[in-house]
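Remarks on the overall topology
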Amino acid sequence: MKRKYRVCNVTRRPAQGQTFPLQLDNGQTVECTVAKYFQDKHHLKLQYPFLPCLQVGQEQKHTYLPLEVCNIVPGQRCIKKLTDMQTSTMIKATARSAPDREREINSLVGKADFNNDRYIREFGIMVNAAMTEVQGRVLGAPKIQYGGKQTKQQALPNQGVWDMRGKQFHTGIEIRVWAIACFAPQKQCREENLRNFTEQLRRISNDAGMPIVSQPSFCKYATGADQVEPMLRYLKNTFNGLQLVIIVLPGKTPVYAEVKRVGDTVLGLATQCVQVKNVNKTSPQTLSNLCLKINVKLGGVNNILVPTVRPAVFKEPVIFLGADVTHPPAGDEKKPSIAAVVGSMDAHPSRYAATVRVQHHRQEVINDLSVMVRDLLLMFYKSTRFKPQRIIMYRDGVSEGQFTQVLYHELRKIREACMALELGYHPGITFIIVQKRHHTRLFCANRDDQIGRSGNIPAGTTVDSVITHPFEFDFYLCSHAGIQ
């Protein structure tokens with residue numbers, strides 16, 4: 001009979017060397033190797049005695065199995081954190097167009113045949129096999145304004161996208177001192193490719209209203225994550241007023257995480273990573289996207305809402321806050337959770353400041369929220385010279401079972417932050433919990449309403465009736481274009 005075990009460890013020693021305490025028939029206990037045990041007990045001579053064993057069951061019981069006698073039970077879910085490559089592969093494998101997904105769901109409901117299930121019938125339940133029809137509406141797209149010395153160009157998004165060609169950033173940053181560090185090997189990224197990338201980037205950035213007025217002050221090759229900190233430190237100390245370091249990466253690599261750790265938390269240096277394939281083969285679209293990121297990182301403003309048609313909420317000073325807590329992956333019992341809160345720093349809103357705190361392992365409620373919000377309110381006042389009359393908080397990562405606890409604690413902490421700044425300071429607070437990983441799927445009832453190759457619902461689709469909570473104020477919003 002085949003038995004199922006939970007693997008708790010992989011042995012360091014092979015089956016021919018891994019021993020365990022074996023109790024003999026006479027009551028004596030001796031040390032026996034796994035290979036010898038299988039030979040004597042099961043008359044099985046191991047083909048691969050040089051391979052390690054699996055330790056199964058409870059760790060203290062010393063139950064070892066040779067790899068060759070084991071099979072992995074199919075269909076198990078991996079709960080550990082996936083690598084970037086695994087995540088990318090998983091998304092590609094599971095992505096479906098909206099019509100395909102709809103057919104899949106209908107097929108599964110048909111196969112389940114709920115109404116003929118004897119347990120469901122016992123309870124007198126009937127399940128409608130057809131999808132629920134709901135009334136949705138599509139919110140109008142906001143009108144966007146760009147900059148430029150002559151004309152203030154405007155853009156109206158269509159199906160969640162718009163074209164930036166012929167437009168300039170609302171507030172572009174002039175880049176005078178910058179550097180390039182190439183972590184891809186020279187044979188993978190030649191010097192002439194770096195030169196061409198530099199020229200094309202300068203041309204596109206100039207057209208976008210973010211002039212890069214000089215050649216890079218430094219352009220050198222490097223290898224490995226261990227060179228990141230010394231190189232960035234050298235660049236910061238050597239080139240006075242260094243604004244930006246562009247890092248060329250050779251595909252998926254630990255260099256990226258180290259660049260962000262050193263740049264963001266150690267040296268306070270703006271860094272922009274770019275894949276080597278995008279350096280070797282430049283495209284205006286990719287370079288334009290790079291400029292969008294660089295301008296914001298350096299304190300510029302890419303675009304704003306057209307002032308004359310802004311929503312009524314902007315009639316008085318308003319600060320937007322965004323909060324989330326990142327937890328360690330499943331199976332990790334020691335690492336702390338990291339809480340972050342960002343806040344808008346201008347009236348557009350375009351510029352944001354961030355506050356970060358470390359807190360207890362897997363704790364969702366943000367402990368230091370009061371201090372974090374107070375700091376952001378102070379920064380907002382220093383930046384705009386206005387006190388916010390309304391606080392709009394977008395809170396991510398809260399499950400339905402934690403709503404009451406998080407709302408009670410965090411709303412109180414925001415109020416405390418306001419009172420700590422000034423007695424009688426009571427701005428209006430709107431607390432919005434955002435949930436992405438729900439299992440509600442919305443499809444267009446009319447095929448003519450489907451958008452793009454993926455056949456998704458239009459950007460801006462809102463549903464706030466029938467399938468929403470009976471008494472809490474909630475709604476579904478697809479605010480962007482569904483690409484896949």
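One structure accompanies this document, and this report is about it. (Residues numbered from 1 in each chain as written. Predicted model: local features only at pLDDT ≥ 70, side-chain atom pairs only at ≥ 80, totals over all residues. Heavy atoms only, no water.)

Quick word on the pattern of salt bridges
Rules: Here, a salt bridge means any Lys or Arg side-chain nitrogen found within 4 Å of an Asp or Glu carboxyl oxygen.
Summed over the entire model, instances satisfying the criterion amount to 22 salt bridges. A network of salt bridges, in which partner residues are shared, links Glu 229, Arg 233, Glu 258 and Arg 261.

Focus on helix H1 (residues 34-42)
Note the cut-off: Only protein chains enter the area calculation, which uses a 1.4 Å probe; residues under 20% of their type maximum are buried, those over 50% are exposed, and those in between are partly exposed. Helix numbering and strand numbering both begin at the N terminus, where a helix is a DSSP run of H or I of at least 4 residues and a strand a DSSP run of E of at least 2. Note: the arc covers the axis-to-C-beta directions of the helix. Residues count as neighbours in contact if any of their non-hydrogen atoms are within 4.5 Å of one another.
All of the buried residues along H1 are Val 34, Ala 35 and Phe 38. Seen from one end, H1 has its buried residues packed into an arc of 105 degrees, which puts them on one side. Contacts made by the buried residues of H1 are with strand S2 (19-23), strand S3 (29-33), strand S4 (52-56) and strand S5 (63-66). Two residues or fewer past H1, His 43 is found with a positive phi of approximately 50 degrees.

Focus: the sheet that holds strand S10 (residues 218-221)
The strands making up a sheet are joined through hydrogen bonds of the backbone, oriented either antiparallel or parallel. For the record, the criterion: At least two bridges found by DSSP between two strands are what make those strands a pair. For helices, the fitted line uses only the C-alpha atoms of the stretch in contact; every axis is such a line through C-alpha atoms, and the angle between N-to-C directions lies from 0 to 180 degrees.
Strand order in the open sheet made by the four strands is S10-S9-S11-S12, with parallel pairing throughout. Each having just a single partner strand, S10 and strand S12 (271-275) make up the two edges of the open sheet. The mean inter-strand angle of the sheet, taken between neighbouring strand axes irrespective of direction, is 15 degrees. Bridge analysis of strand S11 (residues 244-249) against S12 gives five bridges, and the strand direction is parallel. By the bridge assignment for S12, Leu 249 is matched with Gln 275. Those strands touched by helix H5 (residues 191-207) are strand S9 (178-182), S10, S11 and S12, and its axis lies near 145 degrees from that of S9.

Topic: the packing of helix H10 (residues 369-384) against helix H11 (residues 403-421)
Convention followed: The scheme is simple: roughly parallel for angles under 35 degrees, roughly antiparallel for over 145, roughly perpendicular for 65 to 115, oblique for anything else. Crossing handedness: left-handed means the near helix sits turned counterclockwise from the far one by under a right angle, and right-handed means the same turn made clockwise. By the convention adopted, Pro, Cys, Tyr, Trp, Phe, Met, Ile, Leu, Val and Ala count as nonpolar, Lys, Arg, Asp and Glu as charged, and the other residues, Gly among them, as polar.
The N-to-C vectors of H10 and H11 enclose an angle of 50 degrees; their axes lie 8 Å apart at closest approach. The angle between H10 and H11 falls in the class oblique. As H10 packs across H11, the resulting crossing turns out to be right-handed. Facing Leu 369, Ser 370, Val 373, Arg 374, Leu 377 and Leu 378 of H10, the residues of H11 in contact are Glu 410, Lys 413, Ile 414, Glu 416, Ala 417, Cys 418, Ala 420 and Leu 421. Split by residue class, the contact of H10 with H11 holds nine nonpolar, one polar and four charged.

Some thoughts on the environment of Asn 302
The condition that has to hold: In protein, a polar contact means a hydrogen-donor-capable atom and an acceptor-capable atom, both N or O and within 3.5 Å, with residues adjacent in sequence counting only if both atoms are side-chain atoms; elsewhere, any N or O pair within 3.5 Å suffices.
Structurally, Asn 302 can be placed in the loop between helix H9 (284-297) and strand S13 (304-305). Residue classification places Asn 302 among the buried positions, given a relative accessible area of 9%. Placed 130 residues apart in sequence, Asn 302 and Gly 172 show a C-alpha to C-alpha distance of 7.2 Å. Among all residues touching Asn 302, those that are not within four sequence positions of it are Tyr 146, Phe 169, His 170, Leu 292, Asn 295, Val 296 and Ser 350. Within the structure, Asn 302 has its side chain in polar contact with the side chain of Asn 295 (distance 2.9 Å).

Geometry only, nothing functional implied.
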